[in-house]
Amino acid sequence: MGHFTIAGRQIATHHMVLGVLAAYGLGIKAAIPKKDKTQAPPINASSTEEGEFVQQFLKAFEAEEKKEKH
């Protein structure tokens, strides 16, 4: 196997390849925009009353969840 001398040390070529691939993968991961996970899906209600009911239900559920966590 081949070796390169970098800063007075011999580095195997397969270690250099692994380092380059890892850096490439981390670069791609950093470049991908992150999605906002806090945004809830839209409520598609057939009437305004139904939409209001769903919103009130979700608020009550979240309040209950907070009580259980604390």
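About the criteria used
- Residues numbered from 1 in each chain as written.
- Predicted model: local features only at pLDDT ≥ 70, side-chain atom pairs only at ≥ 80, totals over all residues.
- Heavy atoms only, no water.
- Helix = DSSP H or I, 4+ residues; strand = E, 2+ residues; numbered from the N terminus.
- Buried < 20%, exposed > 50% of the residue type's maximum accessible area, 1.4 Å probe, protein only.
- Pairing = 2+ DSSP bridges.
- Phe/Tyr/Trp six-rings, centres within 6.5 Å; stacked < 30°, edge-to-face > 60°.

Student: What should I look at first to understand the overall build of the chain in this one?
Tutor: Along the chain, the regular secondary structure elements total two helices and two strands. Shown N-terminal to C-terminal, the secondary structure of the chain runs as helices and strands in the order β-β-α-α. Expressed along its principal axes, the backbone C-alpha trace of the chain runs to roughly 75 × 35 × 20 Å. A total of 70 residues make up the chain; the buried ones form 3% of that total.

Student: Looking at this structure, how should I read the pairing of strand β1 (residues 3-6)?
Tutor: One face of the sheet, then the other: side chains in a regular strand alternate in exactly this way. With four bridges connecting them, β1 and strand β2 (residues 9-12) associate as antiparallel partners. Counterpart to Ile-6 in the pairing with β2 is Arg-9. Counting the residues between successive antiparallel strands, the hairpin from β1 to β2 contains two residues, one of them, Ala-7, with a positive phi of roughly 55°.

Student: Help me understand the packing of aromatic side chains in this model?
Tutor: The geometry of an aromatic ring pair is captured by the separation of the ring centres together with the interplanar angle, meaning the angle of the planes. By the definition in use, this model includes one aromatic pair. Seen from their ring centres, Phe-53 and Phe-57 are 6.5 Å apart, and the 25° between their planes marks the pair as stacked. A residue pair is termed a helical-turn pair when its members lie 3 or 4 positions apart in one helix, as Phe-53 and Phe-57 do in helix α2 (residues 48-69) at four residues. The exposure classification of Phe-53 matches that of Phe-57, with both residues exposed.

Student: Honestly, unusual backbone geometry in this entry has me stumped. Any pointers?
Tutor: Leave glycine aside and you will find that most residues have negative phi; peptide bonds, for their part, are mostly trans. Of note in the backbone geometry, Ala-7 takes a positive phi value of approximately 55° without being a glycine. Relative to the helices and strands, Ala-7 is located in the loop between β1 and β2.

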